[in-house]
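Architecture and fold: a report
For reference, the chains in residue letters:
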Amino acid sequence: MNPLPIELAPALSSRRRKIAARTVGRVLDLGGWADHLGAYRLGGEVESVTMLDGRTDVRAGTGRADPPGVERIDAPLDSLAAAGLGPFDSIVSLIRLPLVEDLDGFFRTVFDLLADDGSLYFVEPVRRSGRIGRVLALGGRVGRAAGGLHLDRDLPAEIRARGMVVTDLARFEVPTVSAPLRPFVEAVARWPATPPESSPS
């Protein structure tokens with residue numbers, strides 16, 4: 001059973017479509033939702049979309065046909081590289097990280113699948129910023145209030161700590177869900193540009 005509240009489906013549908021419309025090249029969608037699939041620019045800027053989903057979750061669009069060019073794979077994320085998939089130019093994570101316990105392992109796998117000049121696009125819940133967020137994190141109240149979902153992370157800081165550059169960062173709140181799940185970020189992360197080698201003088 002998916003522990004994420006179904007209210008997130010309508011509340012974030014426009015943001016999911018916005019993120020999908022920004023992607024390019026070969027796309028890996030980490031799944032969980034399907035109302036944004038039509039926003040991928042397949043046949044244009046997007047070459048293909050691999051979606052990490054079966055059809056077992058109502059949020060993943062069990063009752064509609066996928067657009068041509070979308071391939072669903074019902075397999076663990078860490079099995080894709082061994083199956084010869086990747087690298088991907090765009091990896092899209094839409095409210096996946098609350099379900100991830102091993103954040104280090106998750107990022108290692110994602111980075112292995114991401115092309116050197118690729119981008120990570122995400123819309124994810126985060127720990128509330130500022131003093132209130134720090135107090136809640138220290139008291140452990142976020143984890144207890146959220147029924148086991150992992151919501152006590154500062155995702156932009158986690159990504160920066162792993163060497164990526166976070167761009168276009170927008171923080172917002174979803175008022176229709178419980179308080180621990182309201183703070184969100186929408187952002188893009190890339191590897192820093194490698195400075196050109198200086199020519200010998």
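Residues numbered from 1 in each chain as written. Predicted model: local features only at pLDDT ≥ 70, side-chain atom pairs only at ≥ 80, totals over all residues. Heavy atoms only, no water.

1. Here we look at unusual backbone geometry
Put simply, G86 and P87 share a cis peptide bond, and its omega is 0°. By secondary structure assignment, the location of P87 is in the loop between β3 (70–72) and β4 (88–94). The residue I95 is not glycine, and still its phi comes out positive at about 60°. (Helix = DSSP H or I, 4+ residues; strand = E, 2+ residues; numbered from the N terminus.)

2. A closer look at the sheet that holds β3
Within the open sheet, the seven strands sit side by side as β3-β2-β1-β4-β5-β7-β6. Their pairing is mixed. Across the chains shown, the open sheet's two edge strands, defined by having one partner strand only, are β3 and β6 (165–173). Pairs of neighbouring strands in the sheet enclose a mean axial angle of 15°, with direction left out of account. In terms of strand pairing, strand β1 (residues 25–29) meets β4 through three bridges, oriented parallel. Across the sheet, the residue bridging to D29 is V92, located in β4. The strands touched by helix α3 (residues 103–113) are β1, β4 and β5 (114–125); relative to β5, the strand with the most contacts, the crossing angle is about 140°. (Pairing = 2+ DSSP bridges. Axes fitted to C-alpha atoms, helices over the stretch in contact; angles between N-to-C directions. Contact = heavy atoms within 4.5 Å.)

3. Some words on the pattern of salt bridges
Taken as a whole and judged by the stated rule, the model has nine salt bridges. In this structure, R16 engages D35 in a salt bridge whose closest nitrogen and oxygen atoms are separated by 2.7 Å. With a gap of 19 residues between them, R16 in helix α2 (residues 13–22) and D35 in the loop between β1 and β2 (46–51) connect regions that are remote in the sequence. Measuring nitrogen to oxygen at the nearest pair gives 2.8 Å for the salt bridge that ties R22 to D168. Of this pair, R22 sits in helix α2 while D168 sits in strand β6, and the two are 146 residues apart along the sequence. Salt bridges linked by common partners bring R15, K18 and E186 together as one network. (Salt bridge = Lys/Arg side-chain N within 4 Å of Asp/Glu carboxyl O.)

Geometric descriptors of this kind do not, in isolation, establish any biological role.
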